[in-house]
Amino acid sequence: MRLRLKKVAKKYAIVLIIGVAYLVWVLCTDLKIPCIINVITGYDCPACGVTRMFAALFRLDFVAAYNYNKYLMINGPIILALIFYSDYRYIRTGSANLGWLNVILWLEIIMALAFGVLRNAI
């Protein structure tokens, strides 16, 4: 169990370090990684606006964050809860299987894709 805990903690530390470094980079230079889908098609993908959303959250500007990516602001906590629960199960049992919660994960994926289509249609 301790080995699994260390593995998960390492994963979170890496994601946190990279995320904070990227946020600092963006705030200091205003240079961002471009969205490949947007560059090729001119349409916004479901994740477009996430960097600006996190920068707004960093400033505690929740209205701006919501306007940058409405889907993730509403459903992000659900997705994070599923990720945390999966990691918790992995630490406790060695299995990350979400069981029936996989249905919620698939619904989130379908809703993200629908959001991506609708945000460009409206």
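Residues numbered from 1 in each chain as written. Predicted model: local features only at pLDDT ≥ 70, side-chain atom pairs only at ≥ 80, totals over all residues. Heavy atoms only, no water.

*Asks:* I keep staring at unusual backbone geometry and nothing clicks. Help me out?
*Replies:* Trans is the common state for peptide bonds, and a negative phi is the common state for residues other than glycine. Its identity is not glycine, yet D30 carries a phi of approximately 65°, on the positive side. The phi dihedral of L60 falls on the positive side, at around 65°, and the residue is not glycine. Its relative accessible area of 62% is what places L60 among the exposed residues. (Buried < 20%, exposed > 50% of the residue type's maximum accessible area, 1.4 Å probe, protein only.)

*Asks:* What exactly am I supposed to notice about the side chain of N75 here?
*Replies:* As for its placement among the helices and strands, N75 is situated in helix α5 (residues 70–93). Since its relative accessible area comes to 11%, N75 is described here as buried. In this view, N75 contacts E108 and M111; residues no more than four positions away in its chain are not counted. (Helix = DSSP H or I, 4+ residues; strand = E, 2+ residues; numbered from the N terminus. Contact = heavy atoms within 4.5 Å.)

*Asks:* Even after reading the chapter, I still don't get helix α1 (residues 2–29), so can you show me in this structure?
*Replies:* Residue pairs three or four apart in sequence face the same way in an α-helix, which turns once every 3.6 residues. Along its 28 residues, α1 runs 40 Å from first to last C-alpha, staying within 8% of the 40 Å computed at 1.5 Å per residue. By the burial criterion, the buried members of α1 are V8, L23 and V26. Looking at the buried side of α1, the elements it contacts are α3 (50–58) and α5. Backbone geometry just downstream of α1 places D30 in the positive-phi region, at approximately 65°. (Expected span 1.5 Å × (residues − 1).)

*Asks:* Sorry if this is basic, but what is going on with the pattern of salt bridges here?
*Replies:* Oppositely charged side chains may form a pair once their charged atoms are brought near each other. The tally for this structure, following the rule as stated, stands at two salt bridges. Residues D30 and K32 are paired through a salt bridge, measuring 3.2 Å at the closest nitrogen-oxygen approach. Residue class for D30 comes out exposed when judged on its relative accessible area of 55%. (Salt bridge = Lys/Arg side-chain N within 4 Å of Asp/Glu carboxyl O.)

*Asks:* For this particular structure, what's the right way to read α3?
*Replies:* For α3, every residue scored as buried is listed here: V50, M53, A55 and A56. As for α3, its buried residues are in contact with α1, α4 (62–68) and α5. Residue L60 follows α3 closely and has a positive phi angle near 65°.

*Asks:* I'm lost on the packing of aromatic side chains in this one. Help?
*Replies:* Two descriptors summarise a pair of aromatic rings, namely the distance from one centre to the other and the angle between the planes of the rings. Per the stated rule, a full pass over the model turns up two aromatic pairs. On the numbers, 5.7 Å between centres and 50° between planes, the contact of Y12 with F84 is tilted. You can see Y12 sitting in helix α1 and its partner F84 sitting in helix α5, a full 72 residues away along the chain. A relative accessible area of 30% means that Y12 is categorised as partly exposed. Stacked on the ring of Y12, the Lys or Arg K11 has its end atom at 5.3 Å from the ring centre. (Phe/Tyr/Trp six-rings, centres within 6.5 Å; stacked < 30°, edge-to-face > 60°. Lys NZ or Arg CZ within 6 Å of the ring centre and 35° of its normal.)

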